[in-house]
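Chain residues, written in single-letter form:
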Amino acid sequence: MMVPSINRALAEAQRLVELYEETELFLLVAVRDAVRSSLASADPETRQRALNALLDKAQARLNRVGRLIGDQAELVALGEYTAAIEDVFEEVAKTPPEVSSSLVASAAAGETVEALRSQHVMVARQVRDVYQQVTATTVMAAEIGTETHVKAMQSALNRFADKGITSFVDKAGRQWSMDVYTDMAVRTMRNNVKQQGHLDGYRSAGVELVRASWHPASAPQCFPYQNQLLAITGDAGPRVMTDPATGETITVHVKERLDKAIANGYHHPNCKHRDTAYTPGDPAPTAPQVSEEENARQYEASQRQRQIERNIRKWKKRESVALDASETRASKRKVRQWQAAQRAHVNSHSHLSRLPHREQVRTADRTTS
């Protein structure tokens, strides 16, 4: 396989996540249409045909996605790994080695693809179960006179849309919606191969120490390493080195080994920190003195932003299963309310910026902004 550019790798990573985002919305709408069609008739055979058609449609969609993700994941992993090595050698002004393939990238891609494909059977099963639950709940509510068919159906579909396709289960047994799980799996894959690429690159280039960057609202597990020296080789603690510019001996303090810091949670999948090769004598960059408590407040504000993004997406999903214009208008109104809350929240915290792409949901035919 030809080594992809980092831009292509990033585009493929985005497309990989979008495939599952689109598929989840596709299945939400397919369930809505199948339920509406089946409840238009009291004939059990008609309802069974609607279910069969729904399952065929869902399986065809999942099969298509399953075929596409293998090559995409390989491109993403190899692109990230290669770019990481190239970044290191560009930083130290050396010619990077040729990388045409990587066992690290292939293994990470294979593991991610297997994790995603293994969930497809459960997704099809959940589509069937949800169809049966929604139709049964709708019929029961209408029979006992608590709601009309349409209102009962809308209530059941709204609950389904809020929850999403939650067949995706991680190694700890926790359930995730399809879009969140896929985004997490792809980000984790990219992060793992990128970090290994940096480690391999630094070792190959003969770099001994790196300095971690600094940014506000650091994740708690990364905060102790901000602006600190981390070791590629050797141990943490004081280290005697020679300044190549003056020939003088200096002593620096190494906070931790980089690989151990990573094992402790540094460079997690959402991490914004970057490391730069350290040359003895380089001054430490000036960074604002932020207490652990203040950093925690900033981090909490960033997590609140993520929560608001989830609420915006929730109401956009509600809109996708709306059965009438009134329900569509109500969903759009809630979207606008949460978007206003997002603007107010971001404007009240100088370290935050709006990320519109995290507020979008997609279908096969459109992006809902």
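Residues numbered from 1 in each chain as written. Predicted model: local features only at pLDDT ≥ 70, side-chain atom pairs only at ≥ 80, totals over all residues. Heavy atoms only, no water.

A.B. asks: Explain the overall build of the protein here, please?
C.D. replies: A count of helical and extended segments in the protein gives 9 helices and 9 strands. Structurally, the protein occupies a C-alpha span of about 90 × 45 × 30 Å along its principal axes. Per-residue burial over the protein gives 46% buried out of 369 residues. Restricting the contact set of the protein to residue pairs at least 6 apart, pairs at least 24 apart contribute 74%. Summed over its atoms, the accessible surface of the protein is roughly 18700 Å², and 50% of this surface lies on carbon and sulfur atoms. Taking the 49 positively charged and 45 negatively charged side chains of the protein as two groups, their mean positions are separated by 8 Å. (Helix = DSSP H or I, 4+ residues; strand = E, 2+ residues; numbered from the N terminus. Buried < 20%, exposed > 50% of the residue type's maximum accessible area, 1.4 Å probe, protein only. Contact = heavy atoms within 4.5 Å. Areas by Shrake-Rupley, 256 points an atom, 1.4 Å probe, with all protein chains shown as cover. Lys, Arg positive; Asp, Glu negative; His and termini not counted. Charge placed at Lys NZ, Arg CZ, Asp CG, Glu CD.)

A.B. asks: Help me understand the pattern of salt bridges in this model?
C.D. replies: A side chain with one charge can pair with a side chain of the opposite charge if their charged atoms come near. This structure, assessed with the given rule, holds 20 salt bridges. The shortest N-O distance in the salt bridge between Asp33 and Arg32 comes to 2.9 Å. The salt bridge involving Arg306 is made with Glu309; its shortest N-O contact spans 2.8 Å. Of this pair, Arg306 and Glu309 both sit in helix α8 (residues 292–320), 3 residues apart, roughly one helical turn. Among the charged side chains, a network of salt bridges with common partners joins Asp200, Arg203, Arg257 and Asp259. (Salt bridge = Lys/Arg side-chain N within 4 Å of Asp/Glu carboxyl O.)

A.B. asks: Help me understand the pairing of strand β6 (residues 249–257) in this model?
C.D. replies: Working note: regular strand, side chains alternate between the two faces of the sheet. Where strand β4 (residues 229–231) meets β6, 3 bridges bridge the pair, whose relative direction is parallel. When the bridges of β6 are listed, Ala231 appears paired with Arg257. Relative to β6, strand β5 (residues 237–242) runs antiparallel, the two being bridged by 6 bridges. Of the residues in β6, the one forming a bridge with Pro238 is His253. The antiparallel hairpin formed by β5 and β6 contains 6 residues in its connecting segment, where Gly247 sits at a positive phi of about 80 degrees. (Pairing = 2+ DSSP bridges.)

A.B. asks: Would you take a moment to explain helix α3 (residues 103–117) for this structure?
C.D. replies: For an α-helix the count is 3.6 residues per turn, leaving residues at separations of three or four pointing the same way. Helix length check: α3, at 15 residues, gives a terminal C-alpha distance of 21 Å against a target of 21 Å (1.5 Å per residue), a fit within 8%. Those residues of α3 lying buried are Ala105, Ala108, Ala109, Thr112, Val113 and Leu116. Along the long axis of α3, the arc covered by the buried residues comes to 130 degrees, so they all point the same way. The exposed set on the far side of α3, more than 90 degrees from its buried face, consists of Leu103 and Glu114. Between the side-chain oxygen of the N-cap and the backbone nitrogen of Val104 there are 3.2 Å, and the N-cap of α3 in question is Ser102. (Expected span 1.5 Å × (residues − 1). Arc of directions from axis to C-beta. Polar contact = N/O pair within 3.5 Å; in protein donor to acceptor, adjacent residues only side chain to side chain.)

A.B. asks: When you look at the nonpolar core in this model, what are you seeing that I'm missing?
C.D. replies: Generally speaking, nonpolar side chains in soluble globular proteins are found buried as a group. If you look at the biggest cluster of nonpolar residues, it comprises 72 residues, and the most contacted ones within it are Val31, Leu54, Ile69 and Tyr266. For this core, the elements supplying multiple residues, two or more each, are α1 (6–39), α2 (44–91), α3, α4 (120–143), α5 (149–163), α6 (178–205), β3 (209–212) and α7 (258–263). Ranked by residues supplied to this core, first place goes to α2 with 15 residues. (Core = buried A, V, L, I, M, F, W, Y, C linked by side-chain atoms within 4.5 Å.)

A.B. asks: Would you mind going over the state of the cysteines with me for this structure?
C.D. replies: Formally, a disulfide is one covalent bond, and it connects the sulfur atom of one cysteine to the sulfur atom of another. Overall, the coordinates contain 0 disulfides when judged by the stated rule. Cys271 supplies the cysteine sulfur nearest to Cys222, a cysteine that is in no disulfide, at a spacing of 3.8 Å. On the basis of relative accessibility, which here comes to 16%, the residue Cys271 falls in the buried class. (Disulfide = S-S within 2.5 Å.)

A.B. asks: Sorry if this is basic, but what is going on with a negative patch on the surface here?
C.D. replies: Residues Glu86, Asp87, Glu90, Glu91 and Glu98 make up a contiguous surface patch of negative charge. As for its placement among the helices and strands, Glu98 is situated in the loop between α2 and α3. Residue classification places Glu98 among the exposed positions, given a relative accessible area of 80%. (Patch = residues over 30% accessible without salt bridge, like charges linked within 9 Å, V, L, I, M, F, W, Y side chains within 5 Å.)

A.B. asks: It is not clear to me how the environment of Glu327 should be interpreted in this structure. Could you clarify?
C.D. replies: Within the fold, Glu327 resides in helix α9 (residues 325–347). Assessed through its relative accessible area of 18%, Glu327 is described here as buried. Each C-alpha atom, one on Glu327 and one on Val130, is 20 Å from the other, the two residues being 197 residues apart in sequence. For Glu327, the residues in contact, after removing those within four places along its chain, are Gln154, Asn158 and Ala322.

A.B. asks: Is there a simple way to think about the side chain of His345 in this case?
C.D. replies: Among the secondary structure elements, His345 is positioned in helix α9. Assessed through its relative accessible area of 12%, His345 is described here as buried. Apart from the residues lying within four places of it in its own chain, the contact partners of His345 are Ala301, Arg304, Gln305, Ile308 and Leu352.

A.B. asks: Can you walk me through the sheet that holds β5 in this structure?
C.D. replies: Two pairing modes exist for strands in a sheet, parallel and antiparallel, and in both the strands are linked by backbone hydrogen bonds. As summarised here, the arrangement of the 5 strands in space is β5-β6-β4-β3-β7, forming an open sheet in which the pairing is mixed. Only two strands of the sheet have a single partner each, and these edge strands are β5 and β7 (275–277). The mean inter-strand angle of the sheet, taken between neighbouring strand axes irrespective of direction, is 50 degrees. (Axes fitted to C-alpha atoms, helices over the stretch in contact; angles between N-to-C directions.)

A.B. asks: I keep staring at the packing of aromatic side chains and nothing clicks. Help me out?
C.D. replies: Aromatic ring pairs are defined here through the distance separating the ring centres and the angle between the ring planes. Taken as a whole and judged by the stated rule, the model has 1 aromatic pair. Residues Tyr225 and Tyr266 carry aromatic rings whose centres are separated by 5.5 Å and whose planes lie at 55 degrees to one another, so their mutual orientation is tilted. Here Tyr225, found in the loop between β3 and β4, pairs with Tyr266, found in the loop between α7 and β7; they are 41 residues apart in sequence, far enough to count as distant. Each of the two residues, Tyr225 as well as Tyr266, counts as buried. Lying across the ring of Phe26, Arg61 places its NZ or CZ 4.5 Å from the centre. (Phe/Tyr/Trp six-rings, centres within 6.5 Å; stacked < 30°, edge-to-face > 60°. Lys NZ or Arg CZ within 6 Å of the ring centre and 35° of its normal.)

A.B. asks: Help me out: how do you make sense of the environment of Val335 in this one?
C.D. replies: Mapping Val335 onto the fold places it in helix α9. Judged by its relative accessible area of 7%, Val335 falls in the buried class. Taking C-alpha positions, Val335 is 8.0 Å from Asn311, a pair spaced 24 residues apart along the chain. Beyond its immediate chain neighbours, meaning those up to four positions away, Val335 contacts Ile312, Trp315 and Lys316.

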